Amino acid sequence: RKEVEQDPGPFNVPEGATVAFNCTYSNSASQSFFWYRQDCRKEPKLLMSVYSSGNEDGRFTAQLNRASQYISLLIRDSKLSDSATYLCVVNDSSASKIIFGSGTRLSIRP
Amino acid sequence: EAQVTQNPRYLITVTGKKLTVTCSQNMNHEYMSWYRQDPGLGLRQIYYSMNVEVTDKGDVPEGYKVSRKEKRNFPLILESPSPNQTSLYFCASSSRTGTGPYEQYFGPGTRLTVT
């Protein structure tokens, strides 16, 4: 079983739709959680950190469920510019080892 | 401008010819890391460094070496490259001050082809 698992997609949704991704992790001692965005052939960039209480940044909402060991990302009112691959990232308890999910591809159509 | 730089950006080489990919950051970050990205496998951590002279293996260290003699630089060395090391490589750095979480900043990537 992979340490961090994501649905690879692709998700193909119309502009304005709401889309949600989930990511599960296997190490219950994991401490920090993130969503990164990666555009084609570019470097990953931080989208948002994920806090235990859940957090929102504009159209993006991230949630953490420690009991079930998953994190989620919700994108509301999707834009064409949201088309990218979304990477789930988990830090181990020492925050030294970092595990990436293989990414979920999102394509927004006009 | 705060950034992570990598060189070269593209490299085609032959099996067995030693090469070094440089990585440098100007943010005074303690933590640096190397990843490789392959289709369907995502980013996998090769080596990381918590500070100067402190390095440790990630998930896929075989065939790679690193060193951390200065805080800003973290080169990746392939002593004898093989075709299965053909990949897209990213260097990243992160501050380790405070309680976190610690955002990683990535370099632009190095596309390596070993024939």
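Structure: above.
So, here is what we can say about the structure in this document. Owing to the predicted nature of the structure, the values given are computational and were not obtained by experimental measurement.

A few points about the overall build of chain A
Along chain A, the regular secondary structure elements total zero helices and 11 strands. N-terminal to C-terminal, the α/β element order of chain A is β-β-β-β-β-β-β-β-β-β-β. Taken over C-alpha atoms, the radius of gyration comes to 13 Å for chain A, in line with the 13 Å a tight globule of 110 residues would show. Taking all 110 residues of chain A together, 46% fall into the buried category. Sequence separation of at least 24 residues holds for 57% of the intrachain contacts in chain A that already meet a minimum separation of 6. Put simply, chain A shows about 5300 Å² of open surface, and 45% of that area lies on carbon and sulfur atoms. Chain A carries 13 positive and 11 negative side-chain charges, and their two centres are separated by 3 Å.

So, the sheet that holds strand β3 (residues 19-25) of chain A
Residue and element names in this part refer to chain A. Taken in spatial order, the five strands make up an open sheet running β1-β3-β8-β7-β6, and their pairing is antiparallel. One side of each edge strand has no neighbouring strand; the edge strands of this open sheet are β1 (4-6) and β6 (55-57). Recorded for the sheet is a direction-independent mean angle of 15° between the axes of neighbouring strands. Pairing between β1 and β3: three bridges, direction antiparallel. Residue pairing for β3: V4 is matched across the bridge by Y25.

Some points on the state of the cysteines
Residue and element names in this part refer to chain A. Tallied over the full model, the rule gives two disulfides over all chains. The disulfide bridge from C23 ends at C88, spanning 1.9 Å between sulfur atoms. Between C23 and C88 the sulfur-sulfur dihedral comes to about -70°; the bridge is accordingly left-handed. Highlighted residues: C23 in strand β3 and C88 in strand β9 (residues 84-91), separated in sequence by 65 residues. C88 matches C23 in its accessibility class, with the two residues each being buried.

Topic: the pairing of strand β8 (residues 70-75) of chain A
Residues and elements named next belong to chain A. Where β3 lies against β8, six bridges are found, and the strand directions are antiparallel. Along β8, the bridge assignment pairs F21 with L73. Note: strand β7 (residues 60-65) against β8, six bridges, orientation antiparallel. Residue pairing for β8: T61 is matched across the bridge by L74.

Overview of the packing of aromatic side chains
The geometry of an aromatic ring pair is captured by two quantities: the separation of the ring centres and the angle between the planes. Here the structure, examined in full by the defined rule, presents 13 aromatic pairs over all chains. When the ring of Y31 of chain B is compared with that of Y48 of chain B, the centres are 6.0 Å apart and the planes differ by 20°; the resulting orientation is stacked. Placement of Y31 of chain B in strand β4 (residues 31-38) and of Y48 of chain B in strand β5 (residues 42-51) is noted, with a sequence separation of 17 residues between them. The burial state of Y31 of chain B is the same as that of Y48 of chain B; both residues are buried. An aromatic cluster of at least three residues, connected via ring pairs, comprises F34, Y36 and F100 of chain A together with Y35, F90 and F106 of chain B.

Conventions and cut-offs
Numbering of residues begins from 1 in every chain and follows the order in which that chain's sequence is written. Chain A is the first chain written and ligand 1 is the first ligand written, with later ones labelled in order. Two thresholds apply to this predicted model, a pLDDT of at least 70 for residue-level local features and 80 or more for giving and counting side-chain atom pairs, whereas whole-chain, interface and lining totals are computed over all residues. Water and hydrogen atoms were dropped before computing side-chain values, which therefore reflect all heavy atoms in the structure. We count a stretch as a helix when DSSP gives it H or I for four or more residues in a row; a strand needs E for two or more, and each element gets its number in order from the N terminus. With the radius of gyration taken over C-alpha atoms, the globule rule is written as 2.2 Å times the number of residues to the power 0.38. Each residue is placed in one exposure class: buried if its accessible area under a 1.4 Å probe, protein chains only, is under 20% of its type's maximum, exposed if it is over 50%, and partly exposed if it falls in between. The contact criterion used throughout is that any non-hydrogen atoms of two residues lie within 4.5 Å. Where accessible areas are quoted, they stem from the Shrake-Rupley method and a 1.4 Å probe; at the residue level, only the protein chains shown are allowed to cover. Residues counted as positive are Lys and Arg, residues counted as negative are Asp and Glu, and His and the chain ends are not counted. All charge positions are set by atom: Lys at NZ, Arg at CZ, Asp at CG, Glu at CD. Between any two strands, at least two bridges found by DSSP are needed for them to pair. Here an axis means a line fitted to C-alpha atoms, over the contact stretch when the element is a helix, while the angle between two N-to-C directions is reported on a 0 to 180 degree scale. Throughout, a disulfide means two cysteine sulfur atoms within 2.5 Å of one another. Two aromatic rings from Phe, Tyr or Trp, using only the six-membered ring of Trp, form a pair when their centres are within 6.5 Å; if the ring planes differ by under 30 degrees the pair is stacked, by over 60 it is edge-to-face, and anything between is tilted.

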